[in-house]
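# Geometric and topological summary
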Amino acid sequence: MPQLFTPFLYLCSKNMRLWQSFEEINQLWLDNDMSEGKPLALRTFHKWRVAIEEMFGLIIENEQGGRYRYYIQNADELKSGSMRSWLFNTLTVSNLMIESASIKDKILFDEIPDGEQYLPVILEALKKNQILEMTYQSYWRDEANTFEVEPYCLKAFKQRWYLVCHSPYYDKMMIYALDRVHDLKPSEGTFTYPEDFNAADYFNDCFGIIADQNYDVETVKLKVSAGQANYLRSLTLHQTQKEIERNDEYSIFTVRLRPTFDFRQEILSQGSDIEVLEPKWFRDEMAVIAKNMWDKYKED
């Protein structure tokens, strides 16, 4: 991404209704250390405006086609959760961090597990429908095994990358965490990518990375403390989340999904601030876990 546009694009990504005149954009540039105090030429501005449209599909338009204010015409693209929006936000933040090297000791990041080194191989295989040879060791095995997989898509979840693929050996869909991969390389073979597979649809009814078809899609009703409800309103559990009741003490939310292990762990991570009301089997399952936890602590 053109680094000189970082201030303008980052500001627009945070406020989609923001309209900026060229003078205001130029001031954003001058406020950035990379400008070295030199103003942005109008010709350069238009050059990078076109480059941004080609790279991200983001259309930066002039309000009235004259010397007025500029804005992102299709700003909703940055809210869609698409790869384009992820790439835009990632590169924008990355450039901001580079420009803020002088305060690097004041910016802290979580450690990201290994595995990103395999992304180029996987991306190339996804383009060519190429079979991959993988050496993988799961958490439940004492040694690694080598086998072939047909890559369908990549998914990021909780700072880990996962490869979603079809296993010719098991003849079913499998999901592998890249930080458990010991080696990954393309084989000479290719496969036919199924026309009816859509990555977004595959995970549409799921929370996280587990897409277990043995779980039915159900409406889960949650009772959430007033304080935690504010958190869920700003960072939803799932795209189907709805708030159906609200008062000073708690709120009732519903989500419609497959209540798999990933979702159960997310609810447990909220502690006593979230109570599962429905479905009954899921509430009973959570009650058993809560009792087991209580049994461990009450002995003290």
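Whatever comes next refers back to the structure up there.
For clarity, every value in this text was computed on a predicted model and none was experimentally measured.

### Focus on the pairing of strand β9 (residues 218–225)
- Bridge analysis of β9 against strand β11 (residues 250–257) gives 8 bridges, and the strand direction is antiparallel. Within β11, the residue paired with Lys223 across the bridge is Ile252.

### Let's talk about the environment of Leu42
- Within the fold, Leu42 resides in helix α3 (residues 42–56).
- Sequence spacing of Leu42 and Asn26 is 16 residues, and the spatial spacing of their C-alpha atoms is 9.0 Å.

### Describing the environment of Lys172
- With respect to the helices and strands, the residue Lys172 is situated in strand β7 (residues 172–177).
- Assessed through its relative accessible area of 46%, Lys172 is described here as partly exposed.
- Setting aside chain neighbours within four positions, we find Lys172 in contact with Cys165, His166 and Ser167.

### Observations regarding the side chain of Asp262
- Structurally, Asp262 is set in helix α8 (residues 261–269).
- Put simply, Asp262 is tucked away with no salt bridge, and the nearest opposite charge, on Lys158, sits 8.4 Å away.
- In contact with Asp262, other than residues within four places in its own chain, are Phe157, Phe207, Gly208, Ile209 and Ile210.

### Quick look at helix α5 (residues 119–128)
- Of the residues making up α5, those classed as buried are Leu119, Ile122 and Ala125. The buried residues of α5 occupy an angular sector of 130° when projected down its axis, which confines them to one face. Exposed and oriented more than 90 degrees from the buried face of α5 are Pro120 and Lys127.
- Elements that come into contact with the buried residues of α5 comprise β4 (130–136), β5 (145–157), β6 (160–167) and β8 (181–190).
- The first or second residue beyond α5 is Asn129, which carries a positive phi of 55°.

### Some words on the sheet that holds strand β2 (residues 60–62)
- Strand order in the open sheet made by the 3 strands is β1-β3-β2, with antiparallel pairing throughout. Each edge of the open sheet carries a strand with a single partner, namely β1 (20–21) and β2.
- When β2 meets strand β3 (residues 69–72), the two strands line up antiparallel, connected through 3 bridges. For Glu61, the partnering residue across the bridge sits in β3 and is Tyr71.

### What about α8?
- What α8 keeps buried is the set Asp262, Phe263, Glu266 and Ile267. Along the axis of α8, the buried residues cluster in a sector spanning 135°; they form a single face.
- Of the residues flanking the end of α8, it is Gly271, one or two places downstream, whose phi is positive at about 65°.

### What to know about the pattern of salt bridges
- Enumeration according to the criterion identifies 11 salt bridges in this entry.
- The closest approach of N and O atoms between Glu266 and Lys158, which form a salt bridge, is 3.2 Å. Here the residue Glu266 occupies a position in helix α8, and Lys158 occupies one in the loop between β5 and β6, the gap between them amounting to 108 residues.
- Look at Lys158 and you get exposed, because its relative accessible area is 55%.
- Across the pair Arg233 and Glu243 runs a salt bridge, and its minimum N-O distance is 2.8 Å.

Rules and cut-offs
- Residues numbered from 1 in each chain as written.
- Predicted model: local features only at pLDDT ≥ 70, side-chain atom pairs only at ≥ 80, totals over all residues.
- Heavy atoms only, no water.
- Pairing = 2+ DSSP bridges.
- Helix = DSSP H or I, 4+ residues; strand = E, 2+ residues; numbered from the N terminus.
- Buried < 20%, exposed > 50% of the residue type's maximum accessible area, 1.4 Å probe, protein only.
- Contact = heavy atoms within 4.5 Å.
- Lys, Arg positive; Asp, Glu negative; His and termini not counted.
- Salt bridge = Lys/Arg side-chain N within 4 Å of Asp/Glu carboxyl O.
- Arc of directions from axis to C-beta.

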